[in-house]
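# Structure at a glance
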Amino acid sequence: MATAYERELARLVPEVIAETVRVTEIPAPTSRERRRARYVHSRFEQIGGWDGLSIDGIGNVVAVRRGQPGKARVLVAAHLDTVFPDAETPVTRSRGRLHGRGVGDNSAGVAALLGVAQAVQSRAPRGVGDLLLAANVGEEGLGDLRGIRRIMRDHAGDFDAMIALEAHSLNRVQGGGVGSIRYEVSVRTEGGHSWGAYGRPNAISLLARAITALESVAPAVGVAPKATINAGVIRGGRSVNTIAPDASFELDMRSEDPATLDRLHHDAKRAMRRSLDGAGGGTGGGEVRLKLRRIGLRPAARMPQDHPLIGAMLSARRGLGLPRPTLGVGSTDANAPMATGMPATCIGVTTGGEAHAEREWIRTAPFRRGVPYVGRAIVAAARLPRTAVRQRRV
Ligand SMILES: [Zn+2]
């Protein structure tokens, strides 16, 4: 039998859809989320009853509701920012769909967060731990998860698990984070005139050797766990008749498995260094060295499939007529806590398409199940014993 809290979630479905439209129509490009943040803050104020409600210096809004000691303290975060430039975004409705830039990524996520906020405050589900409900900045692109990272610093020690809301993900539960390591790899040599100084080492030729050497360590396609390596950008040289004194390239390595990424990263470094063994001969070239400068690091993480947090997400779907979700790796705000060993996942409220495109759209019918699902999932996580969540680090 549905609880008062669950009946309230069901009642709020049309309100969450209307809220999705209002949120979408307030522009919020990454780093300029202020207006949308102020709006969400005012909605939390209207709901009221918080033990803490704040908006920090970069625009993260966090509402805190104290719960029962001994139960899991859960941070729920929906990102405010969109990949689109600052402009008004009208939402249009047609045949059971909402169309608008950012409508599903992530306005409906923010709207679902506000719906859950309303339901927990008005119907106080029993036996739940602290809830920290956050609408955060800086998830997309160059935001590099700065919003969630700031919340993790400011609220360090205040929560045991994290759930990200990404509206399109109704039938996906995130079980891991793709890790990446990025380097700028460079070679410097003395250089000189291509005729007069002929014989000196050429930085471009040496760098080419190093790049070619990576072929020997490149992971095979289609192998699990997936790992990838990519030379994405290359620079160097002066002119066609100059022995190149410098050359560099940008290297990106990724995997869903931390040990695989670690191995790939070490193999790649060794292969590149070996490719230059003995380089430098000729006339006074001396020892030639590769320089590696790290320009990105996002650790890979994987949740055990039987982790109680994942179990709570799956149990919340029962009886709602939702299909079995896919459990895969992703790149969301959940990656940041996961990378520190904290249990985290990402769930959603509806389905749609064309995220990050002008033609983005979502379906309205799935909200009928999606809103109760998200609300039940959050409460199910916050009902787990704190010890059960904390003992199972990622
Ligand atoms: Zn998103």
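The sections below set out a description of the structure shown in this document. Counting restarts for each chain, with residues numbered from 1 along the sequence as it is written. Local features in a predicted model are, by the rule used here, given only for residues with pLDDT of at least 70; side-chain atom pairs are given and counted only at 80 or more, and totals for whole chains, interfaces and linings are based on all residues. To get the side-chain values, all heavy atoms of the structure are used, and hydrogens and water are removed first.

## Focus: the pattern of salt bridges
Between Lys or Arg on one side and Asp or Glu on the other, a salt bridge is scored when a side-chain nitrogen of the former is within 4 Å of a carboxyl oxygen of the latter. Under the definition given, this model contains 22 salt bridges. Across the pair Glu15 and Arg22 runs a salt bridge, and its minimum N-O distance is 2.8 Å. Each residue's exposure class comes from its accessible area (1.4 Å probe, protein chains only) as a fraction of the maximum for that residue type: buried when under 20%, exposed when over 50%, partly exposed otherwise. The exposure class of Glu15 is partly exposed, given its relative accessible area of 32%. The class for Arg22 is partly exposed, based on a relative accessible area of 34%. With a closest N to O distance of 3.7 Å, Glu256 and Arg302 form a salt bridge. Within this pair, whereas Glu256 is found in the loop between β13 (246–255) and α7 (258–275), its partner Arg302 is found in strand β15 (residues 301–302), the two being separated by 46 residues in sequence. Several salt bridges share partner residues, and in doing so they unite Glu15, Glu19, Arg22 and Arg43 into one network. Each helix corresponds to a stretch of at least 4 residues labelled H or I by DSSP, and each strand to a stretch of at least 2 residues labelled E; elements are numbered beginning at the N terminus.

## Comments concerning the packing of helix α6 (residues 203–213) against α7
Relative to each other, α6 and α7 sit at 140°, their axes nearing to 8 Å. By the angle class used here, α6 and α7 are oblique. You can see that α6 and α7 cross each other, and the crossing is right-handed. Between α6, through Arg209, Ala210 and Ala213, and α7, the contact on the second element is made entirely by Ala271, Met272 and Ser275. In terms of residue class, the contact of α6 with α7 is made up of four nonpolar, one polar and one charged. With axes taken as lines fitted to C-alpha atoms, and helix axes fitted only over the stretch in contact, angles between N-to-C directions fall between 0 and 180 degrees. Our angle categories are set so that under 35 degrees counts as roughly parallel, over 145 as roughly antiparallel, 65 to 115 as roughly perpendicular, and the remainder as oblique. Two helices crossing with the near one rotated counterclockwise from the far one by less than a right angle form a left-handed crossing, whereas a clockwise rotation gives a right-handed crossing. By the convention used here, residues are in contact when the closest approach between their heavy atoms is within 4.5 Å. Ten residue types, Ala, Val, Leu, Ile, Met, Phe, Trp, Tyr, Cys and Pro, are classed as nonpolar, four, Asp, Glu, Lys and Arg, as charged, and the remainder, Gly among them, as polar.

## Digging into the coordination of the zinc ion
Nitrogen, oxygen and sulfur within 2.8 Å of a metal are treated as its donors, or within 3.2 Å for sodium, potassium and calcium (Na, K, Ca); water is not counted, so a site can appear incomplete. Distances from the zinc ion to its protein donors, namely His79 (NE2), Asp105 (OD), Glu166 (OE) and Glu166 (OE), fall within the range 1.9 to 2.5 Å. Square planar and octahedral sites, with four and six donors, are those where opposite donors lie more than 155 degrees apart and all other angles lie between 65 and 115, tetrahedral sites have four donors with every angle between 85 and 135 degrees, and the rest are irregular. Each of the four donor atoms bound to the zinc ion contributes to angles spanning 55 to 145°, and the resulting shape is irregular. The motif formed by the donor residues of the zinc ion, counted along the single chain, is H-x25-D-x60-E. Within this pair, whereas His79 is found in strand β3 (residues 74–79), its partner Glu166 is found in the loop between β7 (161–165) and β8 (172–177), the two being separated by 87 residues in sequence. Comparing His79 with Glu166 shows no difference in burial state: the two are buried.

## Describing unusual backbone geometry
Going from Asp105 to Asn106, the amide bond is cis rather than trans, its omega being 20°. The topology assignment puts Asn106 in helix α4 (residues 103–123). In this structure, Pro225 follows Ala224 across a cis peptide bond, with omega equal to -5°. Among the secondary structure elements, Pro225 is positioned in the loop between α6 and β11 (227–236).

## Looking at the sheet that holds β8
Across the sheet, three strands lie side by side as β15-β8-β16; this open sheet has mixed pairing. Edge strands, defined here as strands with exactly one partner in the open sheet, are β15 and β16 (326–330). Strand pairing is assigned whenever DSSP identifies at least 2 bridges connecting the two strands. As paired strands, β8 and β15 are joined by two bridges and run antiparallel to one another. Pairing of Gly176 across the sheet is with Arg302, part of β15.

## Some remarks on α7
An ideal rise of 1.5 Å per residue puts 26 Å on 18 residues; α7 measures up with 26 Å between its terminal C-alpha atoms. Along α7, the positions that sit buried rather than exposed are Thr260, Leu261, Leu264, His265, Ala268, Ala271, Met272 and Ser275. For α7, the angular spread of buried residues about the axis comes to 135°, placing them on one side. In this structure, α7 carries Arg263 and Arg274 as exposed residues pointing more than 90 degrees from its buried face. Buried positions along α7 lie against β9 (179–188), α6, β11, β13 and β14 (290–298). For a helix, the expected span equals 1.5 Å multiplied by the residue count minus one. Working definition: the arc comes from the directions between the helix axis and the C-beta atoms, pointing outward to the latter.

## Here's the deal with the sheet that holds strand β18 (residues 352–353)
Spatial strand order, β4-β5-β19-β18: four strands in an open sheet with antiparallel pairing. Looking at which strands have only one partner, the edges of the open sheet turn out to be β4 (92–94) and β18. Here β18 pairs with strand β19 (residues 361–363) via two bridges, running antiparallel. Bridging across to β19, Gly352 finds its partner in Ile362.

## Points about the layout of surface pockets
Only protein atoms enter the 1 Å grid used here. Points where a 1.4 Å probe fits but cannot escape make up a cavity, open sets with protein on both sides within 12 Å along at least five of seven lines make up a pocket, and a residue lines them when an atom lies within 4 Å of a point. Grid points are joined across faces, edges and corners, and a volume is the space filled by probe spheres set on the points. Taken as a whole, the largest pocket spans an internal volume of roughly 600 Å³. In this structure, the largest pocket is lined by 28 residues; those nearest its centre are Glu139, Gly141, Arg298, Ser331 and Thr332. When residues in the lining of the largest pocket are grouped by element, the largest group, four residues, is from β14. Its residues assigned to classes, the lining of the largest pocket shows six nonpolar, 12 polar and 10 charged. How far each domain reaches was decided by an automatic or database domain assignment. There are two domains that each give the lining of the largest pocket at least three residues, and those are domain 1 (4–177 + 300–391) and domain 2 (179–298). There is about 170 Å³ of room inside the second largest pocket. In this structure, the second largest pocket is lined by Val217, Pro219, Ala220, Val223, Ala224, Pro225, Lys226, Ala227, Thr260, Arg263, Leu264 and Asp267. Element by element, the count of residues in the lining of the second largest pocket is highest for α7, at four residues. Counted by class, the lining of the second largest pocket contains eight nonpolar, one polar and three charged residues.

All quantities given are derived from atomic positions and should not be read as evidence of function.
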